[in-house]
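# Descriptive analysis of the structure
Chain by chain, the residues:
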Amino acid sequence: MGKFLIFAILVSFILLVPLPNDALSSYSHDSSSFTIRLIHKYDPESPFYPGNLTFLERMERTVNDSLARVSHLKSIISLNGGTNYTPQLVRPYVSGSGLGYVAEVRVGDSGRYFYFLLDTAADMSWVLCKWDTHFSFFKEPEYFNPYLSTNYREINCNARVCKGQCIEGKCIYRVRYGDGEISEGVYSRDRFTFKSPTEPSQFFSNILFVCADPEKTHAMPMGDITAKGLLALGPSPESLTSQLGQYIRGRFSYCLVPPKKGIMTPMSYLKFGMDMGYKSPQLQSTKFLKVRGREHFYYLHLQDISVNGKRFNYQRVTFLINKDHNEGFIIDTGSGLSFLHGPNYWKLHYVLLNYFAQFHLVRRKTCPYGGKDGIQLCYELPDNFTSLPSMTYHFKDANLEVEPEQVFMVDRSRKILALAIAIEHGINVLGAYQQHNTRFTYDNTVGENSLSFISENCKRDPLF
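Here we summarise the structure given alongside this text. Given the structure is predicted, the values throughout are model-derived calculations rather than measurements.

### A short note on the sheet that holds strand E16 (residues 310-311)
- As summarised here, the arrangement of the 4 strands in space is E16-E15-E20-E21, forming an open sheet in which the pairing is antiparallel. Two strands lie at the open edges of the sheet, namely E16 and strand E21 (398-402), each paired on one side alone.
- Where strand E20 (residues 391-395) and E21 come together, 5 bridges link them in antiparallel fashion. Counterpart to Thr392 in the pairing with E21 is Glu401.

Right, here's the structure in full:
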């Protein structure tokens, strides 16, 4: 009884403590927009910052993280009625750093901002929660403590949004992977505050998320608990972007700045509700494909690929989901590399072999990035070689031209040229590396459901 009385007094005291000023700024319904920083995982501000990396080390991490990421994507496909991959391939995301960007988020009444990973292929946001009555006002909590939030509430099993299992009166979100591991947590609601670089921070009440215990083996889908949460930006009804739909006009956009060797990369920004690029005549748009049971992903209708303007003439159905274990084409910021399904990849591979043969470039027997499962096509890079080809993804109604610097990873100090596309059975992915210096706008409004893009110098990305 005594402990409960002390706890009640402490909670009452919390209610009297004024929140930081920016937490008192509610979202402006008129502007319908706000901006947050995208902190790259290799930036010194990131919780995943590994220290100063050489270009080779950075690329090796990018490749290995991308391989882990694509394995996670395939596990989602398998769990949602797609190709039944082998247990070795159906596993939880064991490398949280594989996701490329983090953002600063405050949950509930906490005065602390936590670093959350951003995932455009996630259906639910996750928060690491520690239910702890033995807290101190003089020490920042390591995790979100629901006991310290006056607005926190767990979802009742009878609630419409409860799509999980009912255990001891709580709605539990649970995912079992092919290797037997489980990610689970409690369906919950609370206020999310997003730290903005210039304007007052924006908060939204009653955000639905999964509250997970970090002491459990796989508390969150990405496994690694260095970050304290995950923001779901996927198209599913429960994702963060869907929950904010009426306030952000169903739109969000980003422009990813290419990493620079030896210096800090300029900041990228994630903008909600902004109409960036919508009035430009160069803007191109293509519709998302809706796939029943696969609401996690942003599927695109890729029709063909060309190198230096020469089209490959793939069949129009090549990149659609089909019975040949081809699970379609998705855009994903979590993977650094792009991936092509086996037969699709080898067609590109041999075209590039013929292209570089005319310059008599020496092909390396092994690539230094990712081992035998990583990059397959590498060359010795001659001094002053500049004849790199461009590449174009031909989507339905839109063409995305990828500049040579994003088609290849170029290490001039070690004289290595490597294709930034890897082979992966059963899935095609447009990764973050090939999204650099292009503004992508996702429009999830009813009747639109499209991806728009336009070439842009992302380091000059205006905040407003």
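### Observations concerning the sheet that holds strand E22 (residues 408-411)
- One open sheet holds the 3 strands; their spatial order is E19-E23-E22, and the pairing between them is antiparallel. Two strands lie at the open edges of the sheet, namely strand E19 (378-380) and E22, each paired on one side alone. Neighbour to neighbour, the strand axes of the sheet diverge by 15 degrees on average, direction disregarded.
- The pairing of E19 with strand E23 (residues 416-419) spans 3 bridges and is classified as antiparallel.

### Regarding the packing of aromatic side chains
- In the structure shown here, the tally under the stated rule is 36 aromatic pairs.
- With 4.7 Å between their ring centres and 15 degrees between their planes, Phe34 and Phe272 make a pair best called stacked. Here Phe34, found in strand E1 (residues 34-40), pairs with Phe272, found in strand E12 (residues 268-272); they are 238 residues apart in sequence, far enough to count as distant.
- Overall, the relative accessible area of 1% leaves Phe272 in the buried class.
- Here Phe194 and Phe204 contribute two aromatic rings whose centre-to-centre distance is 6.1 Å and whose plane-to-plane angle is 65 degrees, an arrangement assigned as edge-to-face. Taken as a pair, Phe194 in strand E8 (residues 182-194) and Phe204 in strand E9 (residues 202-212) lie far apart in primary sequence, 10 residues in all. One exposure class covers both Phe194 and Phe204, and it is buried.

### Things to note about the state of the cysteines
- All told, the structure shown has 5 disulfides when counted by the stated rule.
- Between the sulfur atoms of Cys157 and its disulfide mate Cys166 the distance is 2.1 Å. Its torsion about the S-S bond being 90 degrees, the disulfide of Cys157 and Cys166 is classed as right-handed.
- The side chain of Cys162 participates in a disulfide bridge whose partner is Cys171; the two sulfur atoms lie 2.0 Å from each other. Between Cys162 and Cys171 the disulfide shows an S-S torsion of about 100 degrees. By sign, it is right-handed. For the pair Cys162 and Cys171, a shared accessibility class is recorded, and that class is buried.
- For the protein chain, the bonded cysteines pair up as 1-6, 2-4, 3-5, 7-10, 8-9 when numbered in the order they occur along the sequence.

The rules behind each value
- Residues numbered from 1 in each chain as written.
- Predicted model: local features only at pLDDT ≥ 70, side-chain atom pairs only at ≥ 80, totals over all residues.
- Heavy atoms only, no water.
- Pairing = 2+ DSSP bridges.
- Helix = DSSP H or I, 4+ residues; strand = E, 2+ residues; numbered from the N terminus.
- Axes fitted to C-alpha atoms, helices over the stretch in contact; angles between N-to-C directions.
- Phe/Tyr/Trp six-rings, centres within 6.5 Å; stacked < 30°, edge-to-face > 60°.
- Buried < 20%, exposed > 50% of the residue type's maximum accessible area, 1.4 Å probe, protein only.
- Disulfide = S-S within 2.5 Å.

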